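Geometric and topological summary
Residue strings, one per chain:
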Amino acid sequence: MKSQMLSLAGFIRLPWIAWALPQTLETDMGAPTLAGVLAALELDGNAHTALLEPTGSAVYNGQDVLTITDAAKQADVERFLQS
């Protein structure tokens, strides 16, 4: 992925990817900020990344979705702040 992102074609497509990505992810970041974060992660290559593991599931608008409890989110924030 990094080589594709660093290619000319990947660089050119980055704005469109960043605009489409918020439809897939729920975040409080706008598309330009999210594009900057993704580009920084790919260009640096040394950033530690972690995912919140789902702690449950629910049905939303007829779709099965994974959920994360507030306690799990808070625990991950605390872990992040201590590192």
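In what follows, the accompanying structure is described. (Residues numbered from 1 in each chain as written. Predicted model: local features only at pLDDT ≥ 70, side-chain atom pairs only at ≥ 80, totals over all residues. Heavy atoms only, no water.)

Re the overall build of the protein chain
To keep it simple, the criterion reads: Only DSSP runs of H or I with at least four residues qualify as helices, and only runs of E with at least two residues qualify as strands; both kinds are numbered from the N terminus onward. Here, two residues are considered to be in contact whenever any of their heavy atoms come within 4.5 Å of each other. Areas reported as accessible are Shrake-Rupley estimates using a 1.4 Å probe. Residue values count occlusion only from the protein chains shown.
Scanning the protein chain from terminus to terminus reveals four helices and two strands. Ordering the α and β elements of the protein chain from the N terminus gives α-α-α-β-β-α. Summarising the internal contacts of the protein chain: among those between residues at least 6 apart in sequence, 24% fall at separations of at least 24. Total accessible area on the protein chain is roughly 7,000 Å²; 60% of this is exposed by carbon and sulfur atoms.

Regarding the pattern of salt bridges
Under the convention used in this document: Salt bridge, as applied in this entry: a Lys or Arg side-chain nitrogen positioned within 4 Å of an Asp or Glu carboxyl oxygen. Burial classification: accessible surface area is computed with a 1.4 Å probe over protein chains only, and a residue below 20% of its type maximum counts as buried, one above 50% as exposed, and the rest as partly exposed.
Tallied over the full model, the rule gives two salt bridges. A salt bridge links Asp70 to Lys73; its shortest N-O distance comes to 3.2 Å. Taken together, the residues Asp70 and Lys73, both in helix α4 (residues 70-82) and three residues apart, mark about one turn of the helix. Note on Asp70: relative accessible area 61%, which makes it exposed. Lys73 gets classed as partly exposed once you look at its relative accessible area, which sits at 35%. For Arg79, the salt bridge identified is with Asp76, shortest N-O distance 2.0 Å. Here Arg79 and its partner Asp76 are both found in helix α4, three residues apart, which amounts to about one turn of the helix. For Arg79, a relative accessible area of 51% puts it in the exposed group.

What to know about helix α3 (residues 31-44)
Side chains of residues three or four places apart in an α-helix project in the same direction, reflecting 3.6 residues per turn. Selection criterion: Helix span is expected to be 1.5 Å times the residue number reduced by one. Taken from the helix axis, the directions to the C-beta atoms give the arc we talk about.
Look at α3: 20 Å from first C-alpha to last across 14 residues, which is about the 20 Å you get at 1.5 Å a residue. Taken residue by residue, α3 has Ala31, Leu34, Ala35 and Ala39 as its buried positions. For α3, the arc enclosing every buried residue in end-on projection is 130°, short of the 170-degree limit, so these residues lie on one face.

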